[in-house]
Amino acid sequence: DMQLGTRWTSGDEPPAAVPASLRPQIAAVDRALPDDDLGQPRPRWTLTFLEGRPIAELDTGMIVEQTATGEVVVRHDDEDEFG
């Protein structure tokens, strides 16, 4: 069955759909984001599933994903995954 994407704002509590395995790294990315003194809206996360694996992508291009081996990795989407 198709699992629909879930969106939430960086820094907010992730919704229940976000697997516990990803939460520590998502929180770490949120903490590392610079505070915006200009009042810009915070970027938003999008949770999707690829072949059953959770992938959370921030609007800035940061990605927190669980690999096929169960490891959780943080990367930026301009990196070549297969390099």
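Notes on the structure follow. (Residues numbered from 1 in each chain as written. Predicted model: local features only at pLDDT ≥ 70, side-chain atom pairs only at ≥ 80, totals over all residues. Heavy atoms only, no water.)

### Section: helix 1 (residues 23-32)
Reasoning step 1: Among the residues of helix 1, those classed as buried are Ile 26, Val 29 and Asp 30. All buried residues of helix 1 fall inside an arc of 100° around its axis, so they share one side. Across from the buried face of helix 1, at angles greater than 90 degrees, the exposed residues are Pro 24, Arg 31 and Ala 32.
Reasoning step 2: Of the surrounding secondary structure, the elements contacted by the buried residues of helix 1 are strand 1 (6-9), strand 2 (44-50), strand 3 (53-58), strand 4 (62-66) and strand 5 (72-76). (Buried < 20%, exposed > 50% of the residue type's maximum accessible area, 1.4 Å probe, protein only. Helix = DSSP H or I, 4+ residues; strand = E, 2+ residues; numbered from the N terminus. Arc of directions from axis to C-beta. Contact = heavy atoms within 4.5 Å.)

### Regarding the packing of aromatic side chains
Aromatic rings in a pair are described by how distant their centres are and how their planes are angled relative to each other.
Reasoning step 1: As enumerated under the stated definition, the model contains one aromatic pair in all.
Reasoning step 2: Residues Trp 8 and Trp 45 carry aromatic rings whose centres are separated by 6.0 Å and whose planes lie at 15° to one another, so their mutual orientation is stacked. Separated by 37 residues along the polypeptide, Trp 8 in strand 1 and Trp 45 in strand 2 bring together distant segments of the chain. Each member of the pair, Trp 8 as well as Trp 45, is classed as buried. (Phe/Tyr/Trp six-rings, centres within 6.5 Å; stacked < 30°, edge-to-face > 60°.)

### Quick notes on the environment of Pro 15
Reasoning step 1: You can see Pro 15 is positioned in the loop between strand 1 and helix 1.
Reasoning step 2: Sequence separation between Pro 15 and Leu 47 is 32 residues, and the spatial gap between their C-alpha atoms is 9.7 Å.
Reasoning step 3: Once residues lying within four places of it in the same chain are set aside, the contact partners of Pro 15 are Thr 6, Trp 8 and Arg 23.

### Concerning the nonpolar core
Reasoning step 1: Formed by Trp 8, Val 18, Leu 22, Ile 26, Val 29, Trp 45, Leu 47, Ala 56, Leu 58 and Val 64, the largest nonpolar core amounts to ten residues.
Reasoning step 2: Every element with two or more residues in this core is listed here: helix 1, strand 2 and strand 3.
Reasoning step 3: Setting aside its immediate chain neighbours within four residues, Ile 26 contacts Trp 8, Val 18, Trp 45, Ala 56 and Val 64. (Core = buried A, V, L, I, M, F, W, Y, C linked by side-chain atoms within 4.5 Å.)

### Focus: the pattern of salt bridges
In a structure, side chains of opposite charge can pair up when their charged atoms sit close to one another.
Reasoning step 1: Inspection of the entire model under this criterion finds five salt bridges.
Reasoning step 2: Two residues, Arg 75 and Glu 65, come together in a salt bridge whose shortest N-O distance is 2.6 Å. With a gap of ten residues between them, Arg 75 in strand 5 and Glu 65 in strand 4 connect regions that are remote in the sequence.
Reasoning step 3: Assessed through its relative accessible area of 4%, Glu 65 is described here as buried.
Reasoning step 4: In the salt-bridge network here, residues are joined through shared partners; they are Arg 53, Glu 65 and Arg 75. (Salt bridge = Lys/Arg side-chain N within 4 Å of Asp/Glu carboxyl O.)

What is shown is where atoms sit, not what they do.
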